Each structure stands twice: as C-alpha cells, then as structure tokens.
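# Structural description and commentary
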Amino acid sequence: MSEILKAVAQDGQSVTIDVRDAVALVRIARPHKRNAINEATLLALEAAIGSPPDGVKAIVLSSVGDHFCAGLDLSELVETDIAAAIHHSRMWHRATEAIEFGRVPVVSVLRGAVVGGGMEIASATHVRVAERSAYYALPEGQRGIYVGGGGSVRLPRLIGVSRMMEMMLTGRVISAEEGERIGMSHYLVETGQGEAKALELASAIARNATMTNFALIHGLPRIVDADRPTGYLIEALLSSVAQDDQEAKQRMQAFLDKRGPKISRGG
Ligand code: 1HE
C-alpha cells in the first residue's frame, strides 16, 4: 500500500470527505487538538484534495469545530534530527503543492485559529472565505522554529515580505478584518456562515469550463513567476487551448445567440 493510502486508512477520521454533486467538502477533523496537523492527517489531506473522487470539479476545505487549524502538531517535532526534519518539511511541501496545483480549485473556510502550518495550508488554497472569528499568526518564532510548509514561498506573495517578517519577528496576531484587508481572505462573513458561502462559490467555480480552471490554477502562478516573454507565450498557448475546447465554443455561441448569461453587478 502506498504511503498516502496507508495514512488515509489509519487516519480516516481526521479528514472527512462529503461529495455534493460536483463539489467535495473536505474537513480537517481533529477538533480536540484544534485541528493541529500530524503526519497522518497531512497525508490524508494530500490524498483527499490531490485525488478527489471522479466528477468533483471544486473542493471546499473546512474544519470541524471552532478552529481551522492550530498548525503543525508540535508533539511530532520533539526528538527529531535534521534529516528527519528536512523530510518532514518536504512532506508539507508535497501536500501543499497537491492543494495549490491539484486537479481542481480549492475554496477554504477560515475560522478561529489559522496559525503556523494552518496559515500555510490556507495560503495554498485558491479562494479564502474567513469567518469573523478567524485570527492569523505565525508563532514559529516563539517556538524557536521557522515555517516549513511552504510559508516562505507563498505568504510573501499574498501579504508581502515585510508583513510576514514583522508577524514572525513580533508574534503579532492579525484579526479577521485585518486579514481581509491584507489579502489573507477574499471574503469575510459572520461566524458560522463560512461553509455556506464557500459552497456557493465552489458551485460557481465548478460550473466554469474545465480548461479555464486548469489555466487559472496551473498557468497563472507560473506566468507570474516567469519572465515577460515566457509569460506571454504561456498565456497565448493556454488561451488558444482553452478557446479550442468544445465547451468554450458552445458557451461563446450561446452568448452570441442571446442564450448565455450577461455580467450582472449583483455577482
Ligand atoms: C496542540 C496544538 C498544536 C493545540 N500541536 N497540540 N502552533 C502553535 O504554536 C499553536 C498552538 N496552539 C495554541 O496556541 C492554542 O491551542 C490555540 C490558540 C490554537 C487554541 O487554544 P484553546 O485554549 O482553545 O485550546 P488548548 O487548550 O490550547 O488546546 C486543546 C488541545 O489541543 C490541547 O491538548 P490536550 O491534550 O491538553 O487537550 C493542546 O495541547 C492541543 N493543541 N494546538 C499539538 N499545534 C510545517 S511547519 C509549521 C510549523 C507550525 O505550525 S508552528 C505553530 C504551531
């Protein structure tokens, strides 16, 4: 059995999956540990999001209880040597890459603690809905460690190098409102309403043409990281492949036949 499947079998309860039409609702389910992530939970999360059931076109990543995720399960860090720590961090990189560059877009629901590794997992998702109870922190500094789940790569792109540095140096906790202002969340809703909002957004995302969603999650971040000429080339290739898709042709014809939806300011 693969490493991932073994973890899912052993730890099926710490990540739950509930498929509703084209949307899968995946929840981190270790509320007694404030959804702190141990190795089995991380591998189960990687499997659930990286290989969603057939027919799933968008994922909502949420949690059980009052907190999204209290970060790395610190009981796993004690007594590790350098080689094991490198392997552990690389495992987090693999899992968060599976979220960011997986098969389908992921909408996360952030509430309560979104700290350390929790903030790193959130930053790998594509759309983030925060409830007013959410708060963000990178307490690695206080614990004498450093981010290891891709935080140095993703968070500066979301909130800026200077802000991440300040958060880690001072241990500052950021509120849900400030989190929305600085780009940690795209939406801010009342506590308890995050999943409903995320499911609504995920259903809309699932209705997009598959190629458009692919171009967005796999193409856009690569274009931003590339030099301009490479970026233009990737954009031209992605847009022509997307445009050639039967689904795109039907949608454009529907608009020209006055059957397709118009843009409306209500959303
Ligand atoms: C944990 C963890 C954890 C809770 N690892 N067990 N993350 C942190 O430094 C955050 C640490 N956690 C906290 O600061 C607090 O738990 C919370 C503010 C999130 C929530 O407080 P509270 O009062 O609701 O809960 P609690 O009583 O502190 O915790 C309940 C239980 O969860 C308790 O265990 P119990 O056996 O005594 O019941 C806690 O020990 C346990 N728990 N958080 C292990 N994180 C890829 S590298 C990423 C590096 C990091 O993520 S570093 C940041 C780690």
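Cut-off values and rules
- Residues numbered from 1 in each chain as written.
- Predicted model: local features only at pLDDT ≥ 70, side-chain atom pairs only at ≥ 80, totals over all residues.
- Heavy atoms only, no water.
- Helix = DSSP H or I, 4+ residues; strand = E, 2+ residues; numbered from the N terminus.
- Rg over C-alpha atoms; globule rule 2.2 N^0.38 Å.
- Buried < 20%, exposed > 50% of the residue type's maximum accessible area, 1.4 Å probe, protein only.
- Expected span 1.5 Å × (residues − 1).
- Arc of directions from axis to C-beta.
- Contact = heavy atoms within 4.5 Å.
- Near = heavy atom within 4 Å.
- Areas by Shrake-Rupley, 256 points an atom, 1.4 Å probe, with all protein chains shown as cover.
- Nonpolar A, V, L, I, M, F, W, Y, C, P; charged D, E, K, R; others polar.
- Pairing = 2+ DSSP bridges.
- Salt bridge = Lys/Arg side-chain N within 4 Å of Asp/Glu carboxyl O.

## Remarks on the overall build of the chain
Helix and strand counts for the chain stand at twelve helices and nine strands. In terms of overall size, the chain behaves like a compact globule, its C-alpha atoms giving a radius of gyration of 19 Å where 267 residues would be expected to give roughly 18 Å. Taking the principal axes of its C-alpha atoms as reference, the chain extends roughly 65 × 40 × 40 Å. With 267 residues in all, the chain has 46% of them scored as buried.

## Notes on helix α11 (residues 228–244)
Spanning 17 residues, α11 covers 24 Å between terminal C-alpha atoms, matching the ideal 24 Å at 1.5 Å per step. Every buried residue belonging to α11 is among Gly231, Leu238 and Ala242, and all of these are buried. Buried residues of α11, viewed axially, fall in a sector of 40°; they line one side. Those residues of α11 that are exposed and angled more than 90 degrees off the buried face are Pro229, Tyr232, Leu233, Gln243 and Asp244. Buried-residue contacts for α11 involve α10 (210–225) and α12 (246–256).

## Looking at the site of the ligand
Close to the ligand lie 23 residues, the nearest being Lys33, Ala70, Leu72, Gly117 and Arg143. Contact with the protein chains removes 65% of the 1000 Å² of surface that the ligand exposes when unbound. Only β5 (113–115), α4 (117–124) and α5 (140–143) provide two or more residues apiece to the shell around the ligand. Each residue belonging to the shell around the ligand can be placed in one class, and the counts come to ten nonpolar, seven polar and six charged.

## Some remarks on the pairing of strand β6 (residues 127–131)
Of all five residues in β6, five are buried, a share of seventy percent or more. Side-chain alternation along β6 places Val127, Val129 and Glu131 on one buried face and Arg128 and Ala130 on a second face that is also buried. With four bridges connecting them, strand β4 (residues 106–110) and β6 associate as parallel partners. Residue pairing for β6: Val109 is matched across the bridge by Val129.

## A word on the pattern of salt bridges
Enumeration according to the criterion identifies 16 salt bridges in this entry. The salt bridge partner of Asp18 is Arg20, with a shortest N-O separation of 3.2 Å. Judged by relative accessible area, which is 30%, Asp18 ranks as partly exposed. Of the residues examined, Arg20 reaches a relative accessible area of 38% and is grouped as partly exposed. Taking the shortest distance from any N to any O, the salt bridge between Glu190 and Arg132 comes out at 3.0 Å. Pair noted here: Glu190 is in the loop between β9 (187–189) and α9 (194–207) and Arg132 is in the loop between β6 and β7 (135–137), with a separation of 58 residues, a long-range link. The class for Glu190 is partly exposed, based on a relative accessible area of 41%. What emerges from the salt-bridge pattern is a single network uniting Glu97, Glu100 and Arg154.

## Side note on α4
Since the α-helix turns once every 3.6 residues, residues separated by three or four places project in the same direction. Counting buried positions over the eight residues of α4 gives eight, a clear majority of the element. Among the residues of α4, those classed as buried are Gly117, Gly118, Met119, Glu120, Ile121, Ala122, Ser123 and Ala124.

## Points about the pairing of strand β1 (residues 15–20)
With six bridges joining them, β1 and strand β2 (residues 23–28) adopt antiparallel strand pairing. Paired with Ile17 across the bridge in β2 is Val26. In sequence, β1 turns back onto β2 through a hairpin of two residues, with Asp21 there showing a positive phi of about 55°.

## What about the environment of Lys249?
Within the secondary structure, Lys249 sits in helix α12. The class of Lys249 is partly exposed, set by a relative accessible area of 38%. For Lys249 and Tyr136, which are 113 residues apart along the polypeptide, the C-alpha to C-alpha distance reads 43 Å.

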